[in-house]
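Listed below, chain by chain, are the residues.
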Number of protein chains: 2
Amino acid sequence: MKPKNIRIKDIAQLAGVSQGTVDRVLHKRGNVSKLATEKVNRVLAKSNYKPNLIARTLGNSKIYTLAVLLPDPQMDPFWKQSYDGMLSAQHQLTQLSLKIELENHFFDLNSKESFQKAALEIIRTKPDGVLVAPLFFNTAISFLKDLQQAAVPFVFVNTNIAESQSIAFIGQDLYKSGRLGAQLLFQKIQMANCYVILHIDESLQNAFHLKEKERGFTDYLTETGLSNQSISITIDHQPGKNFEKAVAEIIGSNQPAGVLISTSKAYQVAPIIKSINPAIQVVGYDLIEANLNLLQTGKIDFIINQNPFRQSRLGIQILANHLFFKRSFQSQYLFPLEVITSENAASYLLHTGYSADLPE
Amino acid sequence: MKPKNIRIKDIAQLAGVSQGTVDRVLHKRGNVSKLATEKVNRVLAKSNYKPNLIARTLGNSKIYTLAVLLPDPQMDPFWKQSYDGMLSAQHQLTQLSLKIELENHFFDLNSKESFQKAALEIIRTKPDGVLVAPLFFNTAISFLKDLQQAAVPFVFVNTNIAESQSIAFIGQDLYKSGRLGAQLLFQKIQMANCYVILHIDESLQNAFHLKEKERGFTDYLTETGLSNQSISITIDHQPGKNFEKAVAEIIGSNQPAGVLISTSKAYQVAPIIKSINPAIQVVGYDLIEANLNLLQTGKIDFIINQNPFRQSRLGIQILANHLFFKRSFQSQYLFPLEVITSENAASYLLHTGYSADLPE
DNA sequence: ATTTTTACTGTGTGCGAGCACAGTTATTTT
DNA sequence: AAAATAACTGTGCTCGCACACAGTAAAAAT
């Protein structure tokens, strides 16, 4: 009647060996005779044994150190949210008496060198796991090779590097994100002359990000046939040049029906765009405060949210599961493309903090 | 150096009593002298003791029975998703060797009597906890009183009954949902003569739901001043009457710029509406397959998603936490108002299954 | 033939909390 | 004053797994 769980003890009994032997077989520790191995495996095969993960962690009071290779949260509110998600995961694990230590290795978003430096730092400290936003492809590659050599498990957030054996990637489908951006721009105005996708302060490191989003953006245009022109513009803050003026000129000269800003920096251009022509649709990324304010005042029409909080929380949780429970999961977690308007923004702000995703 | 966790053992030592005594104080089991109680409490006060939840559950191999009072998943795809969320929670708990049994008590959405009957059934079986969608206010009230009498903890999903001492409510802010619906309708067409909020097959049990959404809907209209008329229409499937024809007549005679369907039944009317005039905006609720198909073909413009899967999964998790870990949480979990378009729908479908929210 | 090595196997303890039960006082009853 | 009861306190076992260590048997070396 009772669906009693089968334990190592039971398997030992059924196989006619000791618990120690079963344990050795299960963990492939060797030093087991062929005969015994076979007996155990036979029982194992038809018993559907599932280790009790709770019991497993009880004895393990080890404090795992997880290195975090992330853009400096102080420098960018988006990455601040990301980091907060990690702290949230840590908090929850602590509640369960599972101790992890987060070892911060922050780098400068605009400096490949600082990424490199932080990465070397991590190799030196030999953490038990690494959560990394591998924004600089080339630099990341060799770092990841080192990690793999040292058998340190790592998880990607935000950016994937398919060539590496990460235990998981957590992020969004950028192509679809670009398509969604285009679709949202088309809500108010349908047929139009020209639409713009605007990249701000993005030199090379995010090249792949931008290209994917752009591809989605233009594909949507082409498929729907709603516009005959999409323009991709990159604009940077340059010393000696007036950024606002530069933006105004570009928008003024192109007169687009809508602008998709490919990063979280919509707040830097939305007021300028709307002051030129309030009818120009503006869609940006990420629910950071500056964007949120403009969303409420109508200077931004839609925000596509990545939920960095949940993404990186999940990242830590996956690593923790890997280490504490020796569980592994699907390797790709594509987050929903969240559409935020002035009317549902508040509901997303409430939402971030409350839950703890344990991957299954 | 090591942030070693403080254990019952340590407290016992510090207080100069045995572990048993500390345990009795912690659990208020009585049979402790005033002196000992005080000694323990003194140590407890400054030691910030947090029980090890993992160790706690290890010894407890009890299988908790959770009763589920829900509309029959077979009869409604929305509630199917809800039920799947519960199964997902159960699955995850099983992985951790925490056993719960879901005792299904399904009722007919349209029958107060079946709700009543299922509720009585639950009282009889005396479960360890109850997850309930209390759609019928009056009938629920007395049932909930009985539960409280029997000290059975219960959680609400979808609908809240603030008068009852549930350990949690999980749902959405309906007022804001109505506002959002109105906002989405206004994306394409701004100023317009008339907007309609349409209730299908909703007699009385959902009165509160509908009223709240309607209130949000009309408030948004008034505030923005974008329309001078919002019409609330209720339409039912009546034997002997042609439903499609009735819908067509109503839409045809009112010629609204947009229609918000207040339930998940948008699929029943969207094709009719669009065939009358494709320019009429249609916004519906819930990511069920029928709606999804119409979203892809442009017969529905936006869907507002409630994520019943995650809602009810969280509900089970809260109950499990309550029972296994004796943890309690905030009592209200308002879910984000998810905006779904044809371009981001797929990303939401991927998303449902992968994560396990453990409330904090 | 005895020792050493290798190959294997079983026992035992700890992890932290919960609870049953035995054990020890103090208080009341006879 | 002895016995009975009540009031309290401490010990010890359990949960399931992991790992250390002790122990045994067979094979190899001396």
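The structure displayed is predicted, hence computed values, not measured ones.

Trainee: Run through the protein's contact with DNA strand C, naming residues and quoting values.
Mentor: As a structural note, the neighbourhood of DNA strand C is formed by 22 residues, with Ser18 and Ser33 of chain A together with Arg29, Tyr49 and Arg56 of chain B the closest of them. Here Ser33 of chain A contributes a side-chain N or O atom positioned 2.5 Å from a phosphate oxygen of DNA strand C. Of all elements in the fold, only helix H2 (19-26) and helix H4 (53-59) of chain A together with helix H4 (53-59) of chain B reach the threshold of two or more residues within the surface near DNA strand C. Of the residues assigned to the surface near DNA strand C, the class counts are 9 nonpolar, 8 polar and 5 charged.

Trainee: Please give an account of the relation of the copies chain A and chain B that cites residues and values.
Mentor: Each copy of the sequence occupies a distinct position, and chain A is placed on chain B by a rotation of 180° and an axial shift of 0.0 Å, giving an RMSD of 0.1 Å. Read as a symmetry element, the transformation amounts to a two-fold axis. A high fraction, 100%, of the interface residues of chain A reappear at the interface in chain B, so the copies pair face to face through one surface.

Trainee: Go over the side chain of Ser97 of chain B with me, naming the residues and quoting the values.
Mentor: Looking at the secondary structure, you find Ser97 of chain B in the loop between helix H5 (77-95) and strand S2 (100-107). Relative accessible area serves as the criterion here: at 17%, Ser97 of chain B is assigned to the buried category.

Trainee: Summarise unusual backbone geometry; cite the residues concerned and give the values.
Mentor: Phi angles above zero are rare outside glycine, and Ala151 of chain A is one such case at about 55°. Checked against the element boundaries, Ala151 of chain A lands in the loop between helix H7 (137-149) and strand S4 (154-157). Judged by relative accessible area, which is 62%, Ala151 of chain A ranks as exposed. In the Ramachandran plot, Asn158 of chain B falls in the positive-phi region, its phi being about 75° despite a non-glycine side chain. Following the sequence through the fold, Asn158 of chain B ends up in the loop between strand S4 (154-157) and strand S5 (168-171).

Trainee: Got a sec to walk through the packing of H5 of chain B against helix H13 (residues 308-325) of chain B? Specific residues and values, please.
Mentor: All names here are of chain B. One can describe the packing of H5 onto H13 by two numbers: an axis separation of 7 Å at closest approach and a directional angle of 40°. When the axes of H5 and H13 are compared, the pair comes out oblique. In this structure, H5 meets H13 at a crossing whose hand is right-handed. Together, Phe78, Gln81, Ser82, Tyr83, Asp84, Gly85, Met86, Ser88, Ala89, Gln92 and Leu93 of H5 and Pro308, Phe309, Ser312, Arg313, Ile316, Gln317 and Ala320 of H13 make up the contact between the two elements.

Trainee: Tell me about the interface of chain A and chain B, and name the residues and values.
Mentor: Contact with chain A, which involves 58 residues of that partner, is made by 58 residues of chain B. Counting each side, the surface lost to burial between chain A and chain B is near 5,100 Å², with a carbon and sulfur contribution of 55%. Linking chain A with chain B are 2 salt bridges. In this structure, Glu343 of chain A and Arg179 of chain B form a salt bridge, with 2.8 Å as the shortest nitrogen-oxygen distance. Connecting chain A to chain B are 14 residue pairs in polar contact (both at pLDDT 80 or more). Among the secondary structure elements, those contributing two or more residues to the side of chain A that touches chain B are H4, helix H5 (77-95), helix H8 (174-185), helix H13 (308-325), strand S11 (332-334), strand S12 (338-340) and helix H14 (345-351) of chain A. Tallied by class, the residues present in the side of chain A that touches chain B amount to 29 nonpolar, 19 polar and 10 charged.

Definitions and limits used
Residues numbered from 1 in each chain as written. Chains lettered and ligands numbered in written order. Predicted model: local features only at pLDDT ≥ 70, side-chain atom pairs only at ≥ 80, totals over all residues. Heavy atoms only, no water. Near = heavy atom within 4 Å. Polar contact = N/O pair within 3.5 Å; in protein donor to acceptor, adjacent residues only side chain to side chain. Helix = DSSP H or I, 4+ residues; strand = E, 2+ residues; numbered from the N terminus. Nonpolar A, V, L, I, M, F, W, Y, C, P; charged D, E, K, R; others polar. Least-squares fit on C-alpha atoms with pLDDT ≥ 70 in both. Contact = heavy atoms within 4.5 Å. Buried < 20%, exposed > 50% of the residue type's maximum accessible area, 1.4 Å probe, protein only. Axes fitted to C-alpha atoms, helices over the stretch in contact; angles between N-to-C directions. Parallel < 35°, antiparallel > 145°, perpendicular 65-115°, else oblique. Left-handed = near helix turned anticlockwise from the far one by under 90°. Buried area = accessible area lost by both parts, 1.4 Å probe. Salt bridge = Lys/Arg side-chain N within 4 Å of Asp/Glu carboxyl O.

Note that all results are geometric; they support no functional claim without further evidence.
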